[in-house]
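Descriptive structure summary
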Amino acid sequence: MTYVIADTPPGTATTMPRVPAVTTRGLAIVRLHGRRSETWGARDASVAEKYRYLYDHDELEEWLRVILGLGEEAERIHIVFNNCYANYGTTNAVEMARLLGG
């Protein structure tokens, strides 16, 4: 099994600590949910409300350092943008690809 490194909103009851660990040399997975704290734990919030978050450049740079570190141990890295509101996920994926030199 491969451990999934998640980015979740800080300061909530279900916030996950960031632990950039590679448990399977063949694959590391990073899942970026966004950081919209105000709706994260709300039972009545829609999926669009919970994941309506566009990462800014500094936040992507922060994850770039983590991803490059994972690349020293893992053969492949999958980065999943789960901030699935409008085009936020694809926009951030393109931005991350540029930061990675793609």
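For the structure itself, consult the block above.
Heads up: these notes are all about the structure in this document.

Each value, and the rule that gives it
Residues numbered from 1 in each chain as written. Predicted model: local features only at pLDDT ≥ 70, side-chain atom pairs only at ≥ 80, totals over all residues. Heavy atoms only, no water. Core = buried A, V, L, I, M, F, W, Y, C linked by side-chain atoms within 4.5 Å. Buried < 20%, exposed > 50% of the residue type's maximum accessible area, 1.4 Å probe, protein only. Helix = DSSP H or I, 4+ residues; strand = E, 2+ residues; numbered from the N terminus. Contact = heavy atoms within 4.5 Å. Salt bridge = Lys/Arg side-chain N within 4 Å of Asp/Glu carboxyl O. Phe/Tyr/Trp six-rings, centres within 6.5 Å; stacked < 30°, edge-to-face > 60°. Lys NZ or Arg CZ within 6 Å of the ring centre and 35° of its normal. Expected span 1.5 Å × (residues − 1). Polar contact = N/O pair within 3.5 Å; in protein donor to acceptor, adjacent residues only side chain to side chain.

1. Describing the nonpolar core
By size, the foremost hydrophobic cluster in this structure holds 13 residues, and its most contacted members are Val30, Leu32, Tyr55, Trp63, Phe81 and Met96. Counting only elements with at least two residues in this core, the list comes to strand S2 (28-32) and helix H3 (57-71). It is H3 that provides the largest number of residues to this core, a total of 6 residues. Apart from residues no more than four positions distant in its own chain, Met96 is found in contact with Leu60, Trp63, Leu64, Ile67, Ile79 and Phe81.

2. Quick notes on the pattern of salt bridges
Taken as a whole, this structure holds 6 salt bridges when the rule is applied. Among the ionic pairs, Arg18 bridges to Asp7, the shortest N-O distance being 4.0 Å. Residue Arg18 is found in the loop between strand S1 (4-7) and S2, and its partner Asp7 is found in strand S1; the two are separated by 11 residues along the sequence. Among the residues examined, Arg18 registers a relative accessible area of 33% and is labelled partly exposed. Residue Asp7 is classed as buried on the basis of its relative accessible area of 4%.

3. Side note on the packing of aromatic side chains
A full pass over the atoms with the stated rule returns 4 aromatic pairs. Ring centres of Trp40 and Tyr51 lie 5.8 Å apart, and the angle between their planes is 70 degrees; this geometry places the pair in the edge-to-face category. Taken as a pair, Trp40 in helix H1 (residues 37-40) and Tyr51 in the loop between helix H2 (47-50) and H3 lie far apart in primary sequence, 11 residues in all. Its relative accessible area of 13% is what places Trp40 among the buried residues. Residue Tyr51 is classed as buried on the basis of its relative accessible area of 17%. Clustering of aromatic rings is evident, with ring pairs tying together Tyr53, Tyr55 and Phe81. Taking NZ or CZ as reference, Arg18 lies 4.2 Å from the ring centre of Trp63, over its face.

4. Some thoughts on H3
With 15 residues, H3 ought to run about 21 Å at 1.5 Å a step, and its terminal C-alpha atoms sit 20 Å apart, in line with that. For H3, every residue scored as buried is listed here: Glu59, Leu60, Trp63, Leu64, Val66, Ile67 and Leu70. The secondary structure elements touched by the buried residues of H3 are S1, S2, strand S3 (77-81) and helix H4 (88-99). With a side-chain oxygen positioned 3.1 Å from the backbone nitrogen of Asp58, the residue opening H3 is Asp56.

Treat this as a map of the structure, not an account of what it does.
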